[in-house]
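Overview (structure and organization)
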Amino acid sequence: MKVMHVISSGGMYGAESVILNISRLLNENSHHAVIAMFANSANINIQLHKSAQDEGIESYLIPCDGQVDLSAMEFIRNLVLQIKPDIVHAHGYKADAYVYLALRKLSIPFVSTCHTWHNSTVFDYIYGVIDRRFLRRFPAVVAVSDEVSGQLLRGGVQPDKISLIGNGIDLRPYTNARPSLRESGEANGCLLVGLVGRLANEKGVDIFFQAAARVLSEIPNVRFTVIGDGPDRSKLQGLLKRMKIDSSVTMLGRRDDMPSVYASLDLMVSASRQEGFPMAILEGMASGLPIVATSVGSVPSIIVHEESGVLVGPENVEVLANQMVALLKDSARRQRLGRGARERVEKEFSVERLVGAYLSVYQRAIDFVKVADRASAPGGKVM
């Protein structure tokens, strides 16, 4: 099967990792994965395109000038006609809209994965409402969590079109990775606590900083790091300085060696206010890390409390800090939770399971379009 993924990407985040994981395994198993990503003139980020090319995955850039660009729709249509995929797989509201408008008159099946919708701004909310209207017309839609599935149902998507598929991960890159941050002296001989995520309000990086300050008051010999980039970077840097903990907290930005970054950490924290199905947590678990995470989105379905991590309520600085302190003081507990995390990922969240589930969704969408084509043909009817 030839699968063409389409996404408007702002960097290497969860959805991008999912696309690479799926594409890598499809190509290894007699299928053919192709990636097409928007080269947005206002905020161009082609990291996914470069990562795909580095792995030998066929990848294309879609020139796009602004939010609405009719030539981008034509480009997608022509690209599809050129490479002739069996299925087109959209990720995110922009890809959903452009794929639907470009392909609605062609007999090309298309599906979408809804990773999550963030309602941080009025524009985010409006985009989500518009997206769900387009998704009503898709033959099949994948939700990564029960929360996303509920939003789709409330948005008018038919229940029989929705499949619930949590994310999965290729474990190989996270096995025996070298600890690059320790080799470069980032930890400076201290315990190292990390948060990985987009620098935006929903990820709760400010909560992480407040908890870090409390931890430092009890265990001064700890260093904290944040890996990722996003719109709140300058605001968060200012917050660090005002809190006067910038000497103990580093913001490393985007990294291309994430398996080695995870291998450098003693403890991983997710302080999110809102989540879908976070790939960063799966990556941390695949790296055998103990994790303290807020119980939002699908996180409670990933982490089993006190078996493969520790769950805390969102926006509770005191509890988050207390759990961090308790783990940092107990190396045996960290090791136990890290082993449990790796075992759970191996059993429940492998990329092999993920790809198998998606292949079933792809086939349903292909069959749906075939039936619809027969029904719309002159004299055609469906029994």
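Anything mentioned here points back to the structure above.
In this report, the structure presented in the accompanying data block is examined. (Residues numbered from 1 in each chain as written. Predicted model: local features only at pLDDT ≥ 70, side-chain atom pairs only at ≥ 80, totals over all residues. Heavy atoms only, no water.)

Overview of unusual backbone geometry
Within the chain, Ser 30 stands out as a residue other than glycine whose phi angle is a positive 65 degrees. Mapped onto the secondary structure, Ser 30 falls in the loop between helix H1 (14-28) and strand E2 (32-40). Given the relative accessible area of 74%, Ser 30 is considered exposed. With phi around 55 degrees, Lys 84 is a residue other than glycine that occupies positive phi space. Here Lys 84 lies in the loop between helix H3 (70-83) and strand E4 (87-91). (Helix = DSSP H or I, 4+ residues; strand = E, 2+ residues; numbered from the N terminus. Buried < 20%, exposed > 50% of the residue type's maximum accessible area, 1.4 Å probe, protein only.)

Points about the sheet that holds strand E5 (residues 110-114)
Each strand in a sheet pairs with its neighbour through backbone hydrogen bonds, running either in the same direction (parallel) or in the opposite one (antiparallel). The strand order across the open sheet built from seven strands is E3-E2-E1-E4-E5-E6-E7, with neighbouring strands paired in parallel fashion. Only two strands of the sheet have a single partner each, and these edge strands are strand E3 (58-64) and strand E7 (162-164). For this sheet, the mean angle separating the axes of adjacent strands, direction not counted, is 25 degrees. Relative to E2, strand E1 (residues 2-7) runs parallel, the two being bridged by six bridges. Bridging from a neighbouring strand, His 5 pairs with Ile 35 of E2. (Pairing = 2+ DSSP bridges. Axes fitted to C-alpha atoms, helices over the stretch in contact; angles between N-to-C directions.)

Quick notes on the state of the cysteines
Throughout the structure, instances matching the rule amount to zero disulfides. Looking at the unpaired Cys 64, the closest cysteine sulfur is the one in Cys 114, lying at 20 Å. (Disulfide = S-S within 2.5 Å.)

Description of the sheet that holds strand E12 (residues 291-294)
Within the open sheet, the six strands sit side by side as E10-E9-E8-E11-E12-E13. Their pairing is parallel. The open sheet is flanked by strand E10 (249-253) and strand E13 (310-312), the only strands paired with a single partner. Looking at each pair of strands side by side, their axes are set apart by 20 degrees on average, direction ignored. Pairing of strand E8 (residues 191-196) with strand E11 (residues 267-270) involves two bridges; the strand directions are parallel.

Focus on the pairing of E3
Across seven bridges, E2 lies against E3 in parallel orientation. Each residue of the ladder has a partner; that of Asn 40, found in E3, is Cys 64.

Topic: the environment of Leu 61
Tracing the chain through its elements places Leu 61 in strand E3. Leu 61 sits in the partly exposed class, given a relative accessible area of 27%. For the pair Leu 61 and Ile 46, spaced 15 residues apart in the sequence, the C-alpha separation amounts to 8.1 Å.

A short note on the pairing of E12
On E12, burial covers both faces: Ile 291 and Ala 293 on one face and Val 292 and Thr 294 on the other are all buried. Note: E11 against E12, three bridges, orientation parallel. Within the sheet, the bridge partner assigned to Val 269 lies in E12 and is Val 292. Bridge count between E12 and E13: three bridges; the pairing is parallel. When the bridges of E13 are listed, Thr 294 appears paired with Val 312.

Quick word on the packing of aromatic side chains
The full count for this structure, using the stated rule, is 10 aromatic pairs. Relative to Phe 134, the ring of Tyr 100 lies with its centre 5.7 Å away and its plane at 55 degrees, an arrangement referred to as tilted. In this pair, Tyr 100 is assigned in helix H4 (residues 93-103) and Phe 134 in helix H5 (residues 122-135), connecting sequence segments 34 residues apart. Per residue, the accessibility class of Tyr 100 equals that of Phe 134, and both read buried. Following the ring pairs from residue to residue traces out a cluster consisting of Tyr 100, Phe 110, Phe 134 and Phe 138. Directly above the ring of Phe 38 sits Lys 94, whose terminal nitrogen or CZ lies 5.2 Å from the centroid. (Phe/Tyr/Trp six-rings, centres within 6.5 Å; stacked < 30°, edge-to-face > 60°. Lys NZ or Arg CZ within 6 Å of the ring centre and 35° of its normal.)

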